[in-house]
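Summary of the model geometry
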Amino acid sequence: MTSLEHPYFVGVDAEPSDRVEVVWERYLELNGENLAVALWSRPGVAADTPTLDAFTRLLDDLGTIDERSREALRDALTADAAYLDHHVQGVDPRPATLDPDAREIDVDTFVAAMEPTGIDLRPGPDATAVIEYMIDPDEGDEAMTVTYTPAGDRLGVAWDR
């Protein structure tokens, strides 16, 4: 095994992998919570220094990325409220992160209550950083994700069921 010496991702395997697996993991603090960050291997893809450097800059600016992600979530839920409606009206009891007595939950309140639960870093020619948000991580398994390039350009928002 050849290791890539990187100041942030210390000792990452520099050989292309033959499977998908976590090759590096760390917990970072965001808004007072521990957030799991994982660097994944992909078949035939090796991590490279420029991509790891870009991922490092992204992680160093996690507060800004969280703000941008929440803006993207607000925009997505304003355009299509299915995820919000499912968790506010379709789940009994209502998620603990939301006021159980509120008659209506607006998009801003809902997005503010969402918790980031993890970041997956995927190197390669189409490298991405995927940030996962959930409204009730202790009870549910449905998340909304915001995907970025390593340089921090937003690619999209999706409901992962």
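A few points on the structure. (Residues numbered from 1 in each chain as written. Predicted model: local features only at pLDDT ≥ 70, side-chain atom pairs only at ≥ 80, totals over all residues. Heavy atoms only, no water.)

Some remarks on the side chain of Arg70
Residue placement: Arg70 occurs in helix α2 (residues 62–79). A residue is classified by how much of its surface remains accessible, and Arg70, at 12% relative accessible area, is buried. When sequence neighbours within four positions are dropped, the list of residues in contact with Arg70 reads Asn31, Val111, Ala112, Met114, Pro116 and Tyr133. (Helix = DSSP H or I, 4+ residues; strand = E, 2+ residues; numbered from the N terminus. Buried < 20%, exposed > 50% of the residue type's maximum accessible area, 1.4 Å probe, protein only. Contact = heavy atoms within 4.5 Å.)

Digging into the sheet that holds strand β7 (residues 143–148)
The strand order across the open sheet built from six strands is β3-β4-β5-β6-β7-β8, with neighbouring strands paired in mixed fashion. Every other strand in the sheet has two partners, leaving β3 (21–30) and β8 (154–160) as the edge strands with one partner each. Taking the axes of each pair of neighbouring strands and ignoring which way they run, one obtains an average angle of 20° across the sheet. Direction of pairing for β3 relative to strand β4 (residues 33–41): antiparallel, over a ladder of nine bridges. Residue Leu30 lies in a different strand from β4, and its bridge partner there is Glu33. Strand contacts of helix α3 (residues 82–89): β6 (128–134), β7 and β8, with the helix running at about 35° to β8, the strand carrying the most contacts. (Pairing = 2+ DSSP bridges. Axes fitted to C-alpha atoms, helices over the stretch in contact; angles between N-to-C directions.)

A look at unusual backbone geometry
One non-glycine residue, Asn31, lies in positive phi territory at about 55°. Residue position: Asn31 is located in the loop between β3 and β4.

Things to note about a negative patch on the surface
Residues Asp60, Asp61, Glu67, Glu71 and Asp75 make up a contiguous surface patch of negative charge. Ranked by residues supplied to the negative patch, first place goes to α2 with three residues. (Patch = residues over 30% accessible without salt bridge, like charges linked within 9 Å, V, L, I, M, F, W, Y side chains within 5 Å. Areas by Shrake-Rupley, 256 points an atom, 1.4 Å probe, with all protein chains shown as cover. Salt bridge = Lys/Arg side-chain N within 4 Å of Asp/Glu carboxyl O. Lys, Arg positive; Asp, Glu negative; His and termini not counted. Charge placed at Lys NZ, Arg CZ, Asp CG, Glu CD.)

Comments concerning the packing of aromatic side chains
Scanning the entire structure with this criterion turns up five aromatic pairs. For the ring pair Phe9 and Trp24, a centre distance of 4.5 Å and an interplane angle of 65° mean the geometry is edge-to-face. Of this pair, Phe9 sits in the loop between β1 (3–4) and β2 (12–13) while Trp24 sits in strand β3, placing them 15 residues apart in sequence. In terms of burial, Phe9 and Trp24 fall into one category: buried. Centroid distance Tyr83 to Phe110: 5.9 Å. Interplanar angle 80°. Geometry classified as edge-to-face. With Tyr83 in helix α3 and Phe110 in helix α4 (residues 107–113), the pair connects residues that are 27 residues apart, well separated along the chain. The rings of Tyr8, Phe9 and Trp24 are connected pair by pair, giving a single aromatic cluster. The aromatic ring of Tyr8 is capped on one face by Arg26, whose charged end is 4.9 Å from the ring centroid. (Phe/Tyr/Trp six-rings, centres within 6.5 Å; stacked < 30°, edge-to-face > 60°. Lys NZ or Arg CZ within 6 Å of the ring centre and 35° of its normal.)

Considerations on the side chain of Glu142
Looking at the element boundaries, Glu142 is found in the loop between β6 and β7. Among the polar contacts made by the side chain of Glu142, one reaches the side chain of Trp159 at a distance of 3.4 Å. Those residues within four positions of Glu142 in sequence are excluded, and the remaining contacts are Tyr83, His86, His87, Met134, Trp159, Asp160 and Arg161. (Polar contact = N/O pair within 3.5 Å; in protein donor to acceptor, adjacent residues only side chain to side chain.)

With respect to the pattern of salt bridges
One pass over the full model with this rule turns up five salt bridges. Of the charged contacts, one joins Asp108 and Arg74 as a salt bridge, the two residues approaching to 3.7 Å between their closest N and O atoms. Placement of the pair is Asp108 in helix α4 and Arg74 in helix α2, with a sequence separation of 34 residues. For Asp108, a relative accessible area of 49% translates into the label partly exposed. You can call Arg74 partly exposed: its relative accessible area is 26%. Measuring nitrogen to oxygen at the nearest pair gives 3.5 Å for the salt bridge that ties Asp120 to Arg122.

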